[in-house]
Protein chains: 2
Amino acid sequence: MKGTVGELGEFGLIRALTSRLTTTPAVRLGPGDDAAVVAAPDRRVVATTDVLIEGRHFRRDWSTAYDVGRKSAAQNLADVAAMGAVPTALLLGLVVPAELSATWPVELMDGLRDECQVAGAAVVGGDVVRGETITVAITALGDLRNREPVTRSGARPGDVVAVTGWLGWSAAGYAVLSRGFRSPRAFVEAHRRPEPPYHAGPAAAELGATAMTDVSDGLVADLGHIATASGVCIDVKSGDLDVPAQMTDIGQAVGVDPLQWVLTGGEDHAIVATFPQGTKLPARWRVIGRVDKAVGTPQVTVDGAPWDKAGGWDHFGGK
Amino acid sequence: MKGTVGELGEFGLIRALTSRLTTTPAVRLGPGDDAAVVAAPDRRVVATTDVLIEGRHFRRDWSTAYDVGRKSAAQNLADVAAMGAVPTALLLGLVVPAELSATWPVELMDGLRDECQVAGAAVVGGDVVRGETITVAITALGDLRNREPVTRSGARPGDVVAVTGWLGWSAAGYAVLSRGFRSPRAFVEAHRRPEPPYHAGPAAAELGATAMTDVSDGLVADLGHIATASGVCIDVKSGDLDVPAQMTDIGQAVGVDPLQWVLTGGEDHAIVATFPQGTKLPARWRVIGRVDKAVGTPQVTVDGAPWDKAGGWDHFGGK
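Going by what an unreviewed UniProt entry lists, chain A is known as Thiamine-monophosphate kinase and is assigned to Streptomyces humicola. Annotation of chain A in UniProt includes, under Catalytic activity (unreviewed entry), the sentence "thiamine phosphate + ATP = thiamine diphosphate + ADP".

Here's what the structure looks like:
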């Protein structure tokens, strides 16, 4: 792709971007008209939106455009899956500087397309405008397949808490990158390109999950959202969390308790859910805690005590 | 609303914004979970997205936050209506500087909410992040009510071209504002807050419109999209366009042919459609031209000749 975004012009860029796309049977009308049309067989549509900004959510020296595409699609598609829905479609609002190489948005689109394919969805529309800061605004849609949405508010005392996917890998990768290293690759890759277990969301809904969310702010913070919405307390048993040996090694090298990454690291988009006790969970789910009655304020504890180290992520406070 | 966005924090701002919202029966699950759930009784959902940036699409000294909310909702809801669909829901991706007064996004949300109410829709979700430049990324959803979507590609030779809504008012208002004036108010208001004829989209679909779009880039440019997609030529009769006397007065005052605003001004979000000859159109539709076979390249002419003055809007070239 030669030239800059400005040289290509708005309509040239749109042509270049849409030429990269593939489709699915759910796409009744793709890009190029006033709006797209997507199948919603359930008669309800699940919809979520997220915005990523250069310098805040990604860095061009750490992540390729393709990786940013994979990651920004992943975090939205994971939100759809965490409702128990099957992702169907994605829309892109893109802000790019005129002097940016046109290769960047084209590779971003390739990343969006490929992550959509992993989840069974397709990019169906978008908008590109000129601006100073690269900004990627994604909306993802999904279908509930005749199941009720699994919200954050259905956890009941006695439920077990279980998780599937990766926890703390992206945070460990970030720690590595921010100290100027490029390895271990597995963690750096996990930071650049999360792999949410999309199928696990609808599967958990089918198994009777009472509450569910994806881990985007960190396990303790996201379980906190479930605790608050459900009016319960949740206790996590740290011994039941998977802390890989290599993560422990990185922790020692950089002076961080790796449990901190597992409990508070976001962006891996693992899926955490609560299930009635006795639910037979598939092999890749790991029971990590239980739901109790709220005594006072709903909260999350780790091994019976509040987790008092810094955690979660406030996009304005940045704590 | 006291304090800045940064002082309020991400979750405080989200609480302040969602507290402003109203709902509709189509909203099955509103803000506060991983995703929203919206009714899609047609089993298909119409979806469109647009991004507005401060300094490029709006100016804070010309438009209040409330007006920006109305306008950014309007341009997306109009895209839904122009497919022949009834708008149902809107999602907001918002970038705001930490030092911005929290009043600004709250009033923006009021504007989004009120414009949604005009169209019969509701704000169902969103994301707020910190960044240097205020950026408003909107996604709108709609329901087709068992009618096929009206695309840009169905215009046939012999069809009539008809329009409803306002044309050139926003452009005339922009001309007034950019010369430092604040009146005539009607045009300035039209620039700040368009009034798309939402109901006319589904009504046109019901009447058998063969092609349809909203006028966001300018009448000639948007009819050009229909001509290209349909493989036809379109001729507009300038004498059949409504050029209000007051617009002529402004044109004389600033040295612009007001027909230029009517033919090339965007952002009023009028709805223009093609209909089979003999279609009985409701009173507020105005027949302004006809569809002919394409001789050579599909194109739009005005009174039989290409409109050669500057027109349309390329977001990168800015012509």
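What follows continues from the structure just given.
A. Molecular detail of the interface of chain A and chain B. Chain A puts 61 residues into the contact, and the matching count from chain B is 61 residues. In this assembly, chain A packs against chain B so that about 5,000 Å² is buried in total across both faces, 60% of it on carbon and sulfur atoms. Applying the counting criterion to the chain A and chain B interface returns 4 salt bridges. The interface formed by chain A and chain B contains 21 residue pairs in polar contact (both at pLDDT 80 or more). Here the side of chain A that touches chain B is built from residues that sort into 32 nonpolar, 14 polar and 15 charged. With 4 bridges joining them, strand β3 (residues 44-53) of chain A and strand β2 (residues 36-39) of chain B adopt antiparallel strand pairing.

B. Spatial organisation of the domain arrangement of chain A. Residue and element names in this part refer to chain A. Looking at the assigned domains, one finds that chain A contains domain 1 (5-143) and domain 2 (160-306). In this structure, domain 1 and domain 2 have C-alpha centres spaced 26 Å apart. At the interface, 21 residues of domain 1 touch 19 residues of domain 2. Here domain 1 packs against domain 2, burying approximately 1,700 Å² in sum over the two surfaces, 59% of which is carbon and sulfur. Three residues, Trp62, Lys71 and Ala82, lead the burial of domain 1 against domain 2; their summed loss comes to 39% of the area buried on that side. Residues Glu267 and Lys71 are paired through a salt bridge, measuring 3.2 Å at the closest nitrogen-oxygen approach. At the junction of domain 1 with domain 2, the criterion picks out 6 residue pairs in polar contact (both at pLDDT 80 or more). The set of elements that each furnish at least two residues to the side of domain 1 that touches domain 2 consists of α2 (65-81) and α3 (103-119).

The rules behind the values
Residues numbered from 1 in each chain as written. Chains lettered and ligands numbered in written order. Predicted model: local features only at pLDDT ≥ 70, side-chain atom pairs only at ≥ 80, totals over all residues. Heavy atoms only, no water. UniProt positions renumbered as here; feature names shortened; annotations may be inferred. Contact = heavy atoms within 4.5 Å. Buried area = accessible area lost by both parts, 1.4 Å probe. Salt bridge = Lys/Arg side-chain N within 4 Å of Asp/Glu carboxyl O. Polar contact = N/O pair within 3.5 Å; in protein donor to acceptor, adjacent residues only side chain to side chain. Nonpolar A, V, L, I, M, F, W, Y, C, P; charged D, E, K, R; others polar. Pairing = 2+ DSSP bridges. Helix = DSSP H or I, 4+ residues; strand = E, 2+ residues; numbered from the N terminus. Domains from an automatic or database assignment.

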